[in-house]
Amino acid sequence: MQKILVAGGAGFIGSNFVRHVVSNTDARVTVLDKMTYASSRDALVGLPEARLQVVVGDIADPAVVARLVGAHDVVVNFAAESHNDNALEDPSPFVQTNVVGTYVLLEAVRREGVRFHHVSTDEVYGDLRLDAVERFTEQSPYRPSSPYAASKAAADHLVRAWVRSFGVEATISNCSNNYGPWQHVEKFIPRQITNVINGGRPKVYGSGENVRDWIHTEDHNSAVLAVLERGRIGETYLVGADGQQTNLDVVRMILRLMGRPEDDYDLVADRAGHDLRYAIDARKLRAELGWKPVHSNFEEGLARTIAWYERHVDWWRPHKDAVEASYAAKRM
Ligand code: NAD
Ligand code: DAU
């Protein structure tokens, strides 16, 4: 792996991946990113210029993609519209970027014979009952419930079809909920931390009993690199770190860690079609590729994430008011 093209490399997980690659390999990285509201140039500051080039462009633009793909050994696709609440307002950019964008990348790697890795989500499998012990595996049926999840599922199907029909050398990873530095304040954990820093109250959808399976973004990215380096072509790997928590428990933990009473939150309107529970069985990834998470203590990882948001107020504050105004308009 000499040259990696990282689509969506200025987003939350993609920028973390770029830093992970620069620290753990000799590869040179090109970021291709449309620089939407969810991107951050700051997240890439300080990386050695000789190892990183940033190209502003759209993965759904065949001309930009064609110009770049052939000059790389590997393409990793993190680029996406990623927030469920936004997809419920307007699904169209989700279909355009997540589906058409992935199609454009696939056609380019097919033409150029370049290795492709597609970063996907556990949401393609729908949700699990709250009272079951069942977890998602690579054999779980696709059953997306939201517009975002459906767009990601469509992209996964395209990747699988391009492997089978055209012999494209691709892999897919489906990960659970990430947390850590550089995550946009629209998302659950950063929203609640920054509400508390601002002196406000966390906002919990519905009853707060919904369960998410939290993984630190550095662990997600060590898994993506492991799949790139050692994964079998055509295979899917589920990525998770045994981090199931109810939303209420996460909010109570944030409040406790930030020195506020544990019941100092508001229950607000629920998300339409809100998935109940996600849970990942990552035994294939662990056994086949020898991967294991470093951040196995969620409370510790959360405390470090809180400290990061306390140190980076200048980064998130310019976006906070607009995000809260948009939630307030929906009573969320
Ligand atoms: P994000 O929204 O923080 O970042 C997405 C990045 O993609 C941004 O930099 C944005 O500018 C870029 N982008 C959007 N449309 C583009 C386009 N048309 N062309 C080029 N760049 C474009 O998202 P994230 O949370 O970092 O998620 C990254 C990937 O990981 C996504 O594919 C997402 O589905 C997947 N994923 C996320 C999570 C999670 O918990 N956040 C979990 C599992 C999988
Ligand atoms: O599971 C992987 C997915 O995790 C990724 O594919 C998505 O890109 C990522 O955004 C995330 O999706 P979720 O919808 O699970 O994440 P979100 O941070 O939006 O919400 C997490 C949970 O918290 C969910 O049950 C909704 C709830 N929630 C969210 C917000 C923003 C609240 O209760 N209050 C809130 O203010």
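Presented here is an overview of the structure given in this document. (Residues numbered from 1 in each chain as written. Chains lettered and ligands numbered in written order. Predicted model: local features only at pLDDT ≥ 70, side-chain atom pairs only at ≥ 80, totals over all residues.)

## What about the site of ligand 1?
Right, on to step 1. Around ligand 1 sit 30 residues in total, of which Gly8, Gly11, Ala38, Ser39 and Ala80 are the nearest.
Right, on to step 2. Counting residues per element, the ones that place at least two in the shell around ligand 1 are helix H1 (12-24), helix H4 (92-112) and strand E5 (115-121).
Right, on to step 3. The leading source of residues in the shell around ligand 1 is H1, at three residues.
Right, on to step 4. Among the residues forming the shell around ligand 1, the class breakdown is 13 nonpolar, twelve polar and five charged. (Near = placed C-beta within 6 Å. Helix = DSSP H or I, 4+ residues; strand = E, 2+ residues; numbered from the N terminus. Nonpolar A, V, L, I, M, F, W, Y, C, P; charged D, E, K, R; others polar.)

## Side note on the site of ligand 2
Right, on to step 1. Around ligand 2 lies a shell of 19 residues, among which Ser82, Thr121, Lys187, Phe188 and Tyr205 are the nearest.
Right, on to step 2. Listing elements by their share of the shell around ligand 2, those giving two or more residues are helix H6 (188-197) and strand E8 (203-205).
Right, on to step 3. Per-element accounting of the shell around ligand 2 gives the leading share, three residues, to E8.
Right, on to step 4. Counted by class, the shell around ligand 2 contains four nonpolar, eight polar and seven charged residues.

## A few points about the pairing of strand E1 (residues 3-7)
Right, on to step 1. For E1, the tally of buried residues reaches four of five residues, placing the bulk of the element in the interior.
Right, on to step 2. Sheet analysis places E1 next to strand E2 (residues 28-33), joined by five bridges and oriented parallel. Looking at the pairing, Leu5 lines up with Thr30 of E2.
Right, on to step 3. Each parallel crossover has a hand, and for E1 linked through H1 to E2 it is right-handed.
Right, on to step 4. Relative to strand E4 (residues 74-77), E1 is paired through four bridges, and the arrangement is parallel. Pairing of Ala7 across the sheet is with Asn77, part of E4. (Buried ≥ 20, exposed ≤ 12 C-beta atoms within 10 Å, placed from the backbone. Pairing = 2+ DSSP bridges. Right-handed = clockwise from strand over helix to strand, strands pointing away.)

## As for the sheet that holds strand E6 (residues 170-175)
Whether parallel or antiparallel, the strands of a sheet pair through hydrogen bonds between backbone atoms.
Right, on to step 1. In space, the seven strands of this open sheet follow the order E3-E2-E1-E4-E5-E6-E11, with parallel pairing throughout. In the strand order of this sheet, the two ends are held by strand E3 (52-56) and strand E11 (236-239), each with one partner. Averaged over all pairs of adjacent strands, the angle between their axes in this sheet comes to 20°, without regard to strand direction.
Right, on to step 2. Pairing geometry for E4 and E5, over four bridges, is parallel. Looking across to E5, one finds that Val74 is bridged to Arg115. (Axes fitted to C-alpha atoms, helices over the stretch in contact; angles between N-to-C directions.)

## Topic: H6
Right, on to step 1. Here H6 lies mainly inside the structure; nine of its ten residues are buried.
Right, on to step 2. Within H6, the full set of buried residues consists of Phe188, Ile189, Pro190, Arg191, Gln192, Ile193, Thr194, Asn195 and Val196.
Right, on to step 3. As for H6, its buried residues are in contact with strand E7 (178-179), E8, helix H8 (247-257), helix H10 (298-311) and helix H11 (313-329). (Contact = placed C-beta atoms within 7 Å.)

## Details of the packing of H8 against H10
Right, on to step 1. Running from N to C, H8 and H10 cross one another at 60°; their axes reach a closest spacing of 10 Å. Regarding the angle of H8 to H10, the classification is oblique. Handedness of the crossing formed by H8 with H10: right-handed. Here Met253, Ile254 and Leu257 of H8 come into contact with H10, specifically with Glu299, Leu302, Ala303 and Ile306. (Parallel < 35°, antiparallel > 145°, perpendicular 65-115°, else oblique. Left-handed = near helix turned anticlockwise from the far one by under 90°.)

## Some words on the environment of Val159
Right, on to step 1. Tracing the chain through its elements places Val159 in helix H5 (residues 147-166).
Right, on to step 2. In sequence terms Val159 and Ser120 are 39 residues apart; their C-alpha atoms lie 11 Å from each other.
Right, on to step 3. When near neighbours in sequence (up to four residues on either side) are disregarded, Val159 contacts Thr102, Leu106, His118, Ala170 and Ile172.

## Remarks on the nonpolar core
Right, on to step 1. Membership of the largest hydrophobic core comes to 87 residues, with the highest contact counts inside it found for Val6, Ala7, Val75, Val76 and Leu105.
Right, on to step 2. At eight residues, the largest contribution of residues to this core is made by H5.
Right, on to step 3. When near neighbours in sequence (up to four residues on either side) are disregarded, Val76 contacts Ile4, Val6, Ala7, His117, Val119, Val224 and Leu228. (Core = buried A, V, L, I, M, F, W, Y, C linked by C-beta atoms within 7 Å.)

## Focus on the environment of Gly259
Right, on to step 1. Counting through the fold element by element, Gly259 comes out in the loop between H8 and strand E13 (266-268).
Right, on to step 2. Look at Gly259 and you get exposed, because 7 C-beta atoms sit within 10 Å.
Right, on to step 3. Note: C-alpha distance between Gly259 and Val196 (63 residues apart in sequence) is 9.8 Å.

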